[in-house]
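Structural overview
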Amino acid sequence: MGKKVLVVDDEKLIVKGIRFSLEQDGMDVDCAYDGEEALSLAKEHEYDIVLLDVMLPKLNGFEVCQQIRDFSTMPIVMLTAKGDDMDKILGLEYGADDYITKPFNILEVKARIKAIMRRTSKKAEQAENKKMIQIGDLKLDCEGRRVYISGKEINLTAKEFDVLELLVFNPNKVYSRENLLNIVWGYEYPGDVRTVDVHIRRLREKIESNPSEPKYVHTKWGVGYYFQE
């Protein structure tokens, strides 16, 4: 069965081009041209990936991304016409998994989509074998990709879960930001190490009772991050 993709952009020619190219690769593509339509489709279907433009009518891409994260961890790639780094980091702050800057080459888009799908699929296969792990108040359900603190489910993005899972299964091993970027995001990811810092901060805000004095995800200054059992 083909992978299901949602393409969201108010420029119909861009949507048409992406859709045609992805359908040539056997993917099932839905399209939306504003933020409200995109959110409605995302609530109705579970997509393998969402390509989401930042500048949209009704709701902008950041707002759509943030609201999707309230109910789903489906991978989201932001499409932005701006080259400003803060816009890219802002997209990740709202829970995006990746970004592509316009103008882009459709071959680059397809390569990025396939890389994210491969990683998502690989993580899912690995998780099936790992089942469940509990450390203190933290419980990791790897099969369902869910995290609980003191029995309460914590809503993590796909990348936040990936980072936590890697650290949990390698306790006390210190990972540099570069290592985390390469392992979790992949060598082809064009972003920089600030992406890791953003995700670690968001992860701590969600799982730590006091993020400034973390119990689980620690920093080894000048080296990187590690999980302490």
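Residues numbered from 1 in each chain as written. Predicted model: local features only at pLDDT ≥ 70, side-chain atom pairs only at ≥ 80, totals over all residues. Heavy atoms only, no water.

1. Topic: the pairing of strand 11 (residues 224-227)
Taken together, the four bridges between strand 10 (residues 217-220) and strand 11 define a ladder with antiparallel strand orientation. Paired with T219 across the bridge in strand 11 is Y225. With antiparallel pairing between neighbouring strands as the criterion, strand 10 and strand 11 make up a hairpin whose turn holds three residues, including G222 at a positive phi of roughly 80°. (Pairing = 2+ DSSP bridges. Helix = DSSP H or I, 4+ residues; strand = E, 2+ residues; numbered from the N terminus.)

2. Overview of the packing of helix 6 (residues 158-168) against helix 7 (residues 177-185)
Packing of helix 6 against helix 7 leaves a shortest axis separation of 10 Å and a crossing angle of 115°. In the crossing of helix 6 with helix 7, the sense of the turn from one axis to the other is right-handed. Residues K159, D162, V163, L166 and L167 of helix 6 pack against L180, I183, V184 and W185 of helix 7. Here the contact of helix 6 with helix 7 is built from residues that sort into seven nonpolar, no polar and two charged. (Axes fitted to C-alpha atoms, helices over the stretch in contact; angles between N-to-C directions. Left-handed = near helix turned anticlockwise from the far one by under 90°. Contact = heavy atoms within 4.5 Å. Nonpolar A, V, L, I, M, F, W, Y, C, P; charged D, E, K, R; others polar.)

3. Observations concerning the sheet that holds strand 4 (residues 76-80)
If you walk across this open sheet you meet the five strands as 2-1-3-4-5, and the pairing is parallel. Two strands lie at the open edges of the sheet, namely strand 2 (28-32) and strand 5 (98-101), each paired on one side alone. With direction set aside, neighbouring strand axes in the sheet form an average angle of 20°. Note that strand 3 (residues 49-53) and strand 4 share four bridges and pair parallel. In the strand pairing of strand 4, L51 is matched with V77. Relative to the sheet, helix 1 (residues 12-24) contacts strand 1 (4-8), strand 2, strand 3 and strand 4, its axis offset from that of strand 2 by approximately 170°.

4. Let's talk about the packing of aromatic side chains
In total, this model carries one aromatic pair according to the counting rule given. Between Y216 and F227 the ring centres are 5.8 Å apart and the planes differ by 10°, which places this aromatic pair in the stacked class. Taken together, the residues Y216 in the loop between helix 8 (194-207) and strand 10 and F227 in strand 11 connect sequence positions 11 residues apart. For Y216, a relative accessible area of 5% corresponds to the buried category. A cation over a ring is seen here: K12 above Y33, with NZ or CZ 5.1 Å from the ring centre. (Phe/Tyr/Trp six-rings, centres within 6.5 Å; stacked < 30°, edge-to-face > 60°. Buried < 20%, exposed > 50% of the residue type's maximum accessible area, 1.4 Å probe, protein only. Lys NZ or Arg CZ within 6 Å of the ring centre and 35° of its normal.)

5. Notes on the side chain of S21
With respect to the helices, strands and loops of the structure, S21 is situated in helix 1. Not counting the four nearest positions on each side in its chain, S21 is found in contact with I106 and K110.

6. Comments concerning the UniProt feature "modified residue: 4-aspartylphosphate" (unreviewed entry) in the protein chain
Mapped onto the present numbering, the UniProt feature "modified residue: 4-aspartylphosphate" (unreviewed entry) falls at D53. Not counting residues within four places of it along the chain, the set of residues in contact with D53 comprises V8, D9, D10, G61, L79 and K102. (UniProt positions renumbered as here; feature names shortened; annotations may be inferred.)

7. Notes on the side chain of D97
Within the secondary structure, D97 sits in the loop between helix 4 (85-93) and strand 5. Here R69 takes part through its side chain, which lies 2.9 Å from a polar atom of the side chain of D97. (Polar contact = N/O pair within 3.5 Å; in protein donor to acceptor, adjacent residues only side chain to side chain.)

8. Here's the deal with the sheet that holds strand 7 (residues 138-141)
Spatial ordering of the open sheet is given by 6-7-8-9, a layout of four strands whose pairing is antiparallel. The two strands at the open ends of the sheet, each matched to only one other strand, are strand 6 (132-135) and strand 9 (152-154). Neighbour-to-neighbour, the strand axes of the sheet open up by a mean angle of 25°, direction not taken into account. Pairing geometry for strand 6 and strand 7, over four bridges, is antiparallel. The partner of M132 across the bridge, within strand 7, is D141. Set on the sheet, helix 6 makes contact with strand 6, strand 7 and strand 8 (146-149); between it and strand 7 the angle comes to about 110°.

9. Let's talk about the environment of Q66
Mapped onto the fold, Q66 is located in helix 3 (residues 61-68). A sequence separation of 30 residues divides Q66 from A96, and the C-alpha atoms of the two residues are 8.4 Å apart.

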